[in-house]
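Below are the chains, spelled out letter by letter.
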Amino acid sequence: MTTPTPKLDLLGLSQSGWQALLTEIGEKPYRAKQIMKWLHHRSVDDFDAMTDISKPLRAYLATHGEFNQPEIISERVSKDGTIKWLLKARSGSAIETVYIPESGRGTLCVSSQVGCVLDCTFCATGKQGFNSNLLAGEIVGQVRMAERRLADRMKDRERAVTNVVLMGMGEPLLNIDAVLPAISIMMDDLGYGISKRKVTVSTAGVVPGIWRLKEETDVSLAISLHAPNDELRNLLVPLNRRYNIETLLEACRSYAVNLGEKRTVTIEYTLIDGMNDQPQHASELITLLRTLPCKINLIPFNPFPGSEFKRPKAARVRSFQEQLVAAGYSAMVRTTRGDDIDAACGQLAGQVEDRTKRNARYRKQWAARGLIAASNEAPQGQGVPSCSA
Ligand code: SAH
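Residues numbered from 1 in each chain as written. Predicted model: local features only at pLDDT ≥ 70, side-chain atom pairs only at ≥ 80, totals over all residues. Heavy atoms only, no water.

So, on to the packing of helix H1 (residues 15-24) against helix H2 (residues 31-41). Where H1 contacts H2, the axes come no closer than 9 Å and their chain directions differ by 125°. Here H1 lies oblique to H2, going by the angle between them. Of the two possible hands of crossing, H1 and H2 adopt the one that is right-handed. Side by side, H1 and H2 meet where Gln15, Trp18, Gln19 and Leu22 of the first sit next to Arg31, Ala32, Lys33, Ile35, Met36 and Leu39 of the second. Of the residues that constitute the contact of H1 with H2, the class distribution is 6 nonpolar, 2 polar and 2 charged. (Axes fitted to C-alpha atoms, helices over the stretch in contact; angles between N-to-C directions. Helix = DSSP H or I, 4+ residues; strand = E, 2+ residues; numbered from the N terminus. Parallel < 35°, antiparallel > 145°, perpendicular 65-115°, else oblique. Left-handed = near helix turned anticlockwise from the far one by under 90°. Contact = heavy atoms within 4.5 Å. Nonpolar A, V, L, I, M, F, W, Y, C, P; charged D, E, K, R; others polar.)

Below, the structure written as structure tokens:
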């Protein structure tokens, strides 16, 4: 029995991907421009509308391709204007995408996987388990969906989405083969024209992924650090057992060179009451980050049902920040947005059907490739619950 050839993921083909495909099928590579404009600028879903494309090419795309545009299941608007969409992925499970409007900009927080395998202790996504990787088209499709939904709101600028952060559900660097074309389309003028500074990949610390990202692109990078020493980080981010802090910072220092003089890596630090928010943690962090050009984002923990952690008091958050600032760091406290609709960092749970067997298979593959710790090093469930988002 032969496995059917997968269909072309039309929304997930980057400009170079289109050019290679068109050349392969005997078409002119410049048609890539026409097709991408139909797909991403005019947001067309119907091949018949692509009037400057020859009929045979349209027929080829209709037969061999599919859109993979995630469908909207629900849309909730927070009192602060944040919007959260529940979207149906191809796998049948649901992912979440969040739009955060601010004056002069709009940030879209997109998911890269359905569920998450990493099990960070303080994050709702991992509690749902891991279901599947998203295709590049499903990642780009979240930007396309948001642009469509928000088109009528835009008066002062052309596009609603000015910034994209891969901080939704999942670990982007465990799905890097889809993430790379997706971010290329986000940055391409024939796609969404977002500058590389405004596209941020956030990782819990998949070190080989950071090295690969550095080879391929120079988008902004955020590291979910959350602890200033390995002992504590092993508890909060079990992936640390595979890649310790020093290995991670070495990759970050190298990536920082990639960013040039004006840009730095962002360090994300979720402040959890009594866990990692004490003055000695700030002191350790100050010493640890001396050798890395970075800015620090402090995220007060966002509670979700079933989590045993608490958000520190505002005064504690402020004094942690002040300690970092006094030591010369740029440290911002990230304002919580959309928490009334469970759209804040770490609250994205989607509706993930955890395919335990598939989950185990992926875990095994990733562990074999050395990307995550083998399961005996990073126990599941009890005691070490889950992360990402
Ligand atoms: N897997 C990637 C992408 C998820 S990003 C990563 O770990 O970076 C989402 C960010 O929100 C991460 O920094 C994550 O650690 C943080 N976060 C997760 N749960 C949180 C919670 N309950 N409260 C505040 N921040 C949280």
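Turning next to the pattern of salt bridges. A complete count under the given rule lists 13 salt bridges for this structure. The salt bridge partner of Arg253 is Glu246, with a shortest N-O separation of 2.6 Å. (Salt bridge = Lys/Arg side-chain N within 4 Å of Asp/Glu carboxyl O.)

What follows deals with the nonpolar core. Among the nonpolar cores identified, the biggest contains 120 residues, and Trp18, Trp85, Phe122, Ile183, Leu213, Leu289 and Leu324 are the most heavily contacted of them. Top element by residues in this core is helix H6 (residues 176-187). It accounts for 8 residues. Taken together, domain 1 (8-66) and domain 2 (71-368) each give at least three residues to this core, which thus spans both. Excluding anything up to four places from it in sequence, Trp18 contacts Leu10, Leu13, Ala32, Ile35, Met36, Leu39 and Leu61. (Core = buried A, V, L, I, M, F, W, Y, C linked by side-chain atoms within 4.5 Å. Buried < 20%, exposed > 50% of the residue type's maximum accessible area, 1.4 Å probe, protein only. Domains from an automatic or database assignment.)

With that out of the way, let us pick up the layout of surface pockets. Computed from the structure, the largest pocket encloses a volume of approximately 990 Å³. Lining the largest pocket are 39 residues, with Arg105, Thr107, Val165, Asn297 and Arg334 positioned closest to its centre. Looking at which element gives the most residues to the lining of the largest pocket, the answer is strand S13 (residues 294-300), with 4 residues. (1 Å grid on protein atoms, 1.4 Å probe; cavity = no way out; pocket = protein on both sides within 12 Å on 5 of 7 lines; lining within 4 Å. Points joined across faces, edges and corners; volume = space filled by probe spheres on them.)

Two faces belong to every sheet, and in a regular strand the side chains alternate between them. Counting buried residues in strand S12 (residues 265-271) gives 7 out of 7 residues, a clear majority hidden from the surface. Bridge analysis of S12 against S13 gives 7 bridges, and the strand direction is parallel. Residue pairing in the sheet places Leu271 in a bridge with Pro300 of S13. A crossover connection joins S12 to the parallel S13 through helix H10 (residues 279-288); in handedness this β-α-β unit is right-handed. (Pairing = 2+ DSSP bridges. Right-handed = clockwise from strand over helix to strand, strands pointing away.)

Between its first and last C-alpha, helix H11 (residues 314-326) extends 18 Å over 13 residues, near the 18 Å set by a 1.5 Å rise per residue. Within H11 the residues assigned to the buried category are Val317, Phe320, Gln321 and Leu324. Considered in projection along H11, the buried side chains sweep an arc of 95° and stay on one side of the axis. Residues of H11 that are exposed and point over 90 degrees away from its buried face: Ala315 and Ala326. Where the residues of H11 are buried, they touch S12, H10, S13 and strand S14 (331-333). The positive-phi residue at the C-terminal boundary of H11 is Gly328, with phi of around 100°. (Expected span 1.5 Å × (residues − 1). Arc of directions from axis to C-beta.)

Turning our eyes to something else, we now look at the side chain of Asp9. Checked against the element boundaries, Asp9 lands in strand S1 (residues 8-9). Excluding residues within four positions of it along the chain, Asp9 makes contact with Glu66, Phe67, Asn68, Leu135, Ala136 and Gly137.

In terms of domains, the protein chain is made up of domain 1 (8-66) and domain 2 (71-368). Here domain 1 and domain 2 have C-alpha centroids that lie 31 Å from each other. In this assembly, 16 residues from domain 1 lie in contact with 17 residues from domain 2. Buried area between domain 1 and domain 2, summed over both chains or domains, comes out near 1,300 Å², and the portion from carbon and sulfur atoms is 50%. Counting the surface domain 1 buries against domain 2, the share from its top three residues, Leu11, His40 and His41, is 36%. Between the two partners, domain 1 and domain 2, sit 3 salt bridges. With a shortest N-O distance of 3.0 Å, Arg144 and Asp45 are connected by a salt bridge. (Buried area = accessible area lost by both parts, 1.4 Å probe.)

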